[in-house]
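Each chain, written out:
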Amino acid sequence: MARDLREFINLVEQRGQLRRIQTLVDPNLEIAEISNRMLQCGGPALLFENVKDSPHPVVVNLLGTVERTCWSMGMEHPQELETLGKKLGMLQQPKPPKKISQAIEFGKVLFDVVKAKPQRDLLPPCHQVVLKGDDVDLTQIPMIQPYPQDGGKIVTLGLVITKDCETGIPNVGVYRLQLQGKNTMTVQWLSVRGGARHLRKAAENGKKLEIAIAIGVHPLIIMAAATPIPVDLSEWLFAGLYGGSGVHLAKCKTVDLEVPAASEFVLEGTITPGEVATDGPFGDHMGYYGPVNDHAPLVRFQCVTHRKNPIYLTTFSGRPPKEEAMIAIALNRIYTPILRQQVSEIVDFFLPMEALSYKAAVISIKKAYPGQARRAAMAFWTALPQFTYTKFVIVVDHDINIRDPRQVIWAVTSKVDPTRDVFILPDNPFDSLDFANEKLGLGGRMGIDATSKIPPETDHQWGDELKSDPDVAAMVERRWAEYGLGDLDMGEANPNLFGYDIR
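Caption draft 1: View of the pairing of strand E19 (residues 392–397). Among the 6 residues that make up E19, 5 are buried, leaving the element largely enclosed by the rest of the structure. After leaving strand E18 (residues 360–365), the chain enters helix H10 (residues 372–383) and then returns to the sheet as E19, a path that is right-handed. As defined by bridge partners, E19 adjoins strand E21 (residues 442–450) across 5 bridges and the pair is classed as parallel. Residue pairing for E21: Val395 is matched across the bridge by Asp449.

This is the structure:
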């Protein structure tokens, strides 16, 4: 499959999902405004070929739909992503095979791991142009400023690569960086992230932290770096598992780190522990401006390498739909088999984009005993680290389509007694960007049992659900054209016909 950004751009263009824009555009606010309108309507990716104050083109909205996100993983439909989840689940919690078929299946997964081992390129495309010292000028890179009150220009889809100074194990994360000067940027990462841990270790050992930023890689590698699954594998190996073969890496020119060989840009620098600058504010995924950070680590860059005629890949955060939400929907599918392995009664689960892809979860179970919905909700919160910040969990029966909000609302309103079926857990850890909490970093969780109730959850008989007579339904299906109705589109109705106002 495609291994670099350019091949993926070509794939998207061949499928009619990319527009080239030759009109002069400003990276300050204008590119984000155009892109945001495309995101709202599920429009195509955009390649801006004429960007003000920069010789380089900008591509944005490349992962602006779930369909294109699936393409980046070499697949056509979201359901196919669950095969990756099954593979990762087997690696995370391997079980002794009880059948020959299970042994063969596990052997195939181990063989996939062998195939996924990274490879080294001696003449990588990312080293076609090398700039060092005074020739480094980050202002020539067409970084965008998405919102009026943002603190400056940003890098969003760069792979931030650091290494543990004691073990030598690398970490690859996707963190936001803010342009500070001709050769400096600040990096914004949570204290629990790998890069932050590496910086603390470097400080304890009295060393600078080497850092590399790889910009413009194949989206599959970005997906691997964004996957927060607790498996003791490197992000490079993840990407190899996702793509079916090892990622090609290149050794940096001035730091002891490796980056994807086909990166469009590579920025090489160091962080001196304790050297900080002001970062932000910036529009964040919650739909608000995040707080200013006066102690963001400052990165000093001494080398920039790039391909000939490089393409700058970017995106931005904000209230959904955004590209980060499409990535989260794809990751939701990958998590599903792993979650089923952790919590056996869960049939399916969904993190709605409108709920910021992690603030609310809908899970379905095949209910077998009273209290099971509450147990499933509690197990969900502890199954994977990324569910720690999920505020609301709605549990429904297995026959409810959890990806249809109308069915979920019906289940909540017809099966929930708030005094019996809603439970709240106070004082849980939350991310500091959630302004709804009374105390930043601390808030409540709510579970809602929207399943059908069985004794002793209720002491009265539950009504039978209305369903069509199967014989009559089959007859009507056969005679549909005979009624003169065969020309009607019987697909999903426009929700606005039912009183909604969805633009």
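Caption draft 2: Structural view of the sheet that holds E19. Taken together, the 5 strands give an open sheet; going across it, the order is E17-E18-E19-E21-E20, and neighbouring strands pair in mixed fashion. For this open sheet the edge positions go to strand E17 (346–350) and strand E20 (422–429), each flanked by a neighbour on one side alone. This sheet shows a mean twist of 20° between the axes of neighbouring strands, independent of strand direction. The pairing of E17 with E18 spans 4 bridges and is classified as antiparallel. Bridge pairing links Ile346 to Ile365 in E18. The strands that H10 touches are E17, E18, E19, E20 and E21; relative to E18, the one it contacts most, it runs at about 130°.

Caption draft 3: Structural detail: the packing of aromatic side chains. One pass over the structure, following the stated rule, counts 11 aromatic pairs. Centroid distance Tyr147 to Tyr289: 6.4 Å. Interplanar angle 80°. Geometry classified as edge-to-face. Of this pair, Tyr147 sits in the loop between strand E5 (129–132) and strand E6 (154–155) while Tyr289 sits in the loop between strand E14 (265–279) and strand E15 (293–306), and the two are 142 residues apart along the sequence. According to the relative accessible area criterion, Tyr147 is partly exposed, its value standing at 22%. You can call Tyr289 partly exposed: its relative accessible area is 28%. Pairing Trp381 with Phe423 gives two aromatic rings, centres 6.3 Å apart and planes at 85°, and the pair type is edge-to-face. Note that Trp381 is positioned in helix H10 and Phe423 in strand E20, a separation of 42 residues in sequence. In this pair, the class of Trp381 matches that of Phe423, namely buried.

Caption draft 4: Structural view of the environment of Trp410. With respect to the helices and strands, Trp410 occurs in helix H11 (residues 405–415). A residue is classified by how much of its surface remains accessible, and Trp410, at 38% relative accessible area, is partly exposed. Sequence separation between Trp410 and Ala450 is 40 residues; the distance between their C-alpha atoms is 9.2 Å. Setting aside chain neighbours within four positions, we find Trp410 in contact with Ile400, Lys415 and Glu465.

The rules behind each value
- Residues numbered from 1 in each chain as written.
- Predicted model: local features only at pLDDT ≥ 70, side-chain atom pairs only at ≥ 80, totals over all residues.
- Heavy atoms only, no water.
- Buried < 20%, exposed > 50% of the residue type's maximum accessible area, 1.4 Å probe, protein only.
- Helix = DSSP H or I, 4+ residues; strand = E, 2+ residues; numbered from the N terminus.
- Right-handed = clockwise from strand over helix to strand, strands pointing away.
- Pairing = 2+ DSSP bridges.
- Axes fitted to C-alpha atoms, helices over the stretch in contact; angles between N-to-C directions.
- Contact = heavy atoms within 4.5 Å.
- Phe/Tyr/Trp six-rings, centres within 6.5 Å; stacked < 30°, edge-to-face > 60°.

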